[in-house]
Amino acid sequence: MNTHDRQQAANVMFDFITAMTAASDANAIINDLSKVSKTFGLDCFAISGIPLPGEKIDRYVLLSAWPEGWFERYVAENYVHIDPVIYQSKISDGAFVWSEELGGKPIRREARKLMNEASEFRMIDGYSVPLHMPGALQAIVTFGAEKIDLSTEAKGILHIVAIYAHNRLKALLEQQSGVCRKDAPYITPHERDVIRWCAEGKTNWEIGQILGRSEKTVQHELHNAQRKMNCVNRAQLIAEAIRIGIIR
Amino acid sequence: MLRYFKGSSLQASGFAERVWQFRHRHFVERFGWGALRKPDCREMDIFDTDEAVHLVLENAGVILGYSRLLATNAPHLLSDVYPEIMGGRDYPRAKNVYEWTRCVAEPSARLCGVEASHILLTGVAEFCLSAGIEALIVETHPKLVNLLVSNLWDVTPLAAPMVYDGALVVPIHAVPSPAALASHHRGAGVNGSVLELAVDSSNPVTGQTLTTFVDHTHTGLVVEVSCA
């Protein structure tokens, strides 16, 4: 990549990241991903979680700009469980071009059938970005095309794009699905008392004296509350308790 | 678990030799970074100065993980070794912005019931919050970008990824937060501080005494207490 191309490619990446901070729904993300896809000669894309054996993929698909008809076919035939691209994504956290990664490997008959059908929808090759969390596969972002011709730098940019697209999508879905539930962990009355006295600046020993409990018990209640509210220390716990209305 | 040494206090601690050998074993022998090879198998460089921050994950004297932080207001890797990675762009350099370098953990090692690599990551986040380090500059593979983003760090790429020495590398600006630390705790199964600070530890940013951001130590036990 020459300098000018590198600058242009960098701008595509930066523009996308900026766009993600403002993307207010899945359609906005689809629009922005479409622009990036076209820039790199890619035709379609999707973001999906991975179903457990025996489950269907449709509940796990977070965002789809897959060719019409192919998605229905893929779900109806339960292709997710024989798709070599999915298998590769589970066993490795490296992003890969299908033809480069799977090209030399033997393909089972069912997988060959899947790939032939995909090519009828002009998805002949693709670039997939597995997004792993320690110990688990969070999601796959896949781009499909008739032909893939990506420099290593372009692959890197698409990898970054995939990360930010998925991250924004996840945040939007979490927002939609129940901020209320997430915002109100159940804090027991004992725990609430302890938090209130913390906010008054009392030590654990003093709180124990006030409430007629041992210092150790107070400490455990405090740690339980911190755990439930995802706080790592006293100050954060108090701030968070005020924020969600446990104390004033 | 995760010990902090600044500059020559690493030598004073007795851990220095083990650290140089650990770095050589992983970066030269395991990852194949030939440029770092040393005939005596001790990997150290010109940035291991009195200001270098060494975070050493050890258990019973055996090193299981390591990270080095270098202040960006002094020479560091991105400024002095491979500035071309920035593609001509600028990045913030300040006394509370550090470059995160030489990060590695012994694969499949565990301590206190937690994977070593998870403790290392959690510990780096906790150290930043404890020391008031506002951001880390890292030159890394896109995979680590996902690891940080998924753990609620605020991450911004500083330049487009490029191929350096045969591998993809992207410079990023990564900001930790209490929420990010809590995310690490949840994901790793950590329930307290993983830092082990000497009594006289000084904050590398302010020079004052360093105290941990998390006020109780990780115990590796999950205790549910019910009281009458």
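Here the structure is shown first, and the text comes after it.
Residues numbered from 1 in each chain as written. Chains lettered and ligands numbered in written order. Predicted model: local features only at pLDDT ≥ 70, side-chain atom pairs only at ≥ 80, totals over all residues.

Peer 1: Looking at this structure, how should I read the overall build of chain A?
Peer 2: Within chain A, the regular secondary structure consists of eleven helices and five strands. At 24 Å, chain A has a C-alpha radius of gyration far larger than the 18 Å of a compact globule built from 248 residues. Structurally, chain A occupies a C-alpha span of about 75 × 45 × 30 Å along its principal axes. When burial is assessed residue by residue, chain A has 34% of its 248 residues classed as buried. (Helix = DSSP H or I, 4+ residues; strand = E, 2+ residues; numbered from the N terminus. Rg over C-alpha atoms; globule rule 2.2 N^0.38 Å. Buried ≥ 20, exposed ≤ 12 C-beta atoms within 10 Å, placed from the backbone.)

Peer 1: Where do I start with helix H8 (residues 189–199) of chain A in this structure?
Peer 2: Residues lying three or four places apart along an α-helix face the same way, a consequence of the helix completing one turn every 3.6 residues. All names here are of chain A. Listed in full, the buried residues belonging to H8 are Glu191, Val194, Ile195 and Cys198. What you see down the axis of H8 is that its buried residues fit within an arc of 100 degrees, all on one side. The secondary structure elements touched by the buried residues of H8 are helix H9 (204–211), helix H10 (215–228) and helix H11 (234–243). (Arc of directions from axis to C-beta. Contact = placed C-beta atoms within 7 Å.)

Peer 1: What is the right way to read the interface of chain B and chain A from this model?
Peer 2: Interface extent is often summarised as the accessible area lost during association of the parts. Chain B puts 30 residues into the contact, and the matching count from chain A is 29 residues. When contributions to the side of chain B that touches chain A are tallied by element, the ones reaching two or more residues are helix H5 (142–150), strand E9 (162–164), strand E10 (167–175) and helix H6 (178–188) of chain B. Its residues assigned to classes, the side of chain B that touches chain A shows 19 nonpolar, eight polar and three charged. (Nonpolar A, V, L, I, M, F, W, Y, C, P; charged D, E, K, R; others polar.)

Peer 1: Just to check I follow, could you spell out the nonpolar core for this structure?
Peer 2: As a rule of thumb, nonpolar side chains are buried together in soluble globular proteins. Formed by 125 residues in total, the largest nonpolar core has its most connected members in Val141, Leu158, Val161 and Ala165 of chain A together with Leu57, Ile119 and Leu136 of chain B. Taken domain by domain, this core gets at least three of its residues from each of domain 1 (3–180) and domain 2 (184–243) of chain A. Excluding anything up to four places from it in sequence, Ile119 of chain B contacts Met1, Leu2, Leu57, Gly65, Leu111, Val114, Ala188, Val190 and Val194 of chain B. (Core = buried A, V, L, I, M, F, W, Y, C linked by C-beta atoms within 7 Å. Domains from an automatic or database assignment.)

Peer 1: It is not clear to me how unusual backbone geometry should be interpreted in this structure. Could you clarify?
Peer 2: With the exception of glycine, the majority of residues adopt a negative phi angle, and the majority of peptide bonds are in the trans configuration. Even without glycine at this site, Asn78 of chain A takes up a positive phi of about 55 degrees. With respect to the helices, strands and loops of the structure, Asn78 of chain A is situated in the loop between helix H3 (70–76) and helix H4 (84–91). Unusually for a residue other than glycine, Cys41 of chain B sits at a positive phi of about 60 degrees. Inspection of the secondary structure assignment puts Cys41 of chain B in the loop between helix H2 (16–30) and strand E2 (53–59).

Peer 1: It is not clear to me how the packing of H8 of chain A against H10 of chain A should be interpreted in this structure. Could you clarify?
Peer 2: Helix packing for two helices is described by the angle between their axes and how far apart those axes are. Residue and element names in this part refer to chain A. As a packed pair, H8 and H10 sit with axes 9 Å apart at the nearest point and diverge in direction by 100 degrees. On the basis of the axis angle, H8 is roughly perpendicular to H10. Across the interface between the two elements, His190, Glu191, Val194 and Ile195 of H8 pack against Val218, Glu221, Leu222, Asn224 and Ala225 of H10. Grouping the constituent residues of the contact of H8 with H10 by class yields five nonpolar, two polar and two charged. (Axes fitted to C-alpha atoms, helices over the stretch in contact; angles between N-to-C directions. Parallel < 35°, antiparallel > 145°, perpendicular 65-115°, else oblique.)

Peer 1: Looking at this structure, I do not really get the pairing of E2 of chain B. What am I missing?
Peer 2: Consecutive residues of a regular strand have side chains that alternate between opposite faces of the sheet. Residue and element names in this part refer to chain B. The buried count for E2 comes to six of seven residues, which makes it a mostly enclosed element. Bridge analysis of strand E1 (residues 2–6) against E2 gives five bridges, and the strand direction is antiparallel. For Lys6, the partnering residue across the bridge sits in E2 and is Val53. Both E2 and strand E3 (residues 62–71) contribute to a ladder of seven bridges, which runs antiparallel. In the sheet register, Val53 faces E3, and the bridge partner there is Leu69. Linking E2 to E3, which pair antiparallel, is a turn of two residues; within it Ala60 sits at a positive phi near 50 degrees. (Pairing = 2+ DSSP bridges.)

Peer 1: It is not clear to me how helix H2 (residues 26–39) of chain A should be interpreted in this structure. Could you clarify?
Peer 2: Residues and elements named next belong to chain A. In this model H2 runs 20 Å from its N-terminal to its C-terminal C-alpha over 14 residues, within 8% of the 20 Å that 1.5 Å per residue would give. For H2, the set of buried residues is Ile29, Asp32, Leu33, Val36 and Ser37. Buried positions in H2, seen along its axis, are confined to an arc of 145 degrees and lie on one side of it. Residues of H2 that are exposed and point over 90 degrees away from its buried face: Asn27, Asn31, Lys35 and Lys38. (Expected span 1.5 Å × (residues − 1).)

Function cannot be read off these values alone, since they describe shape.
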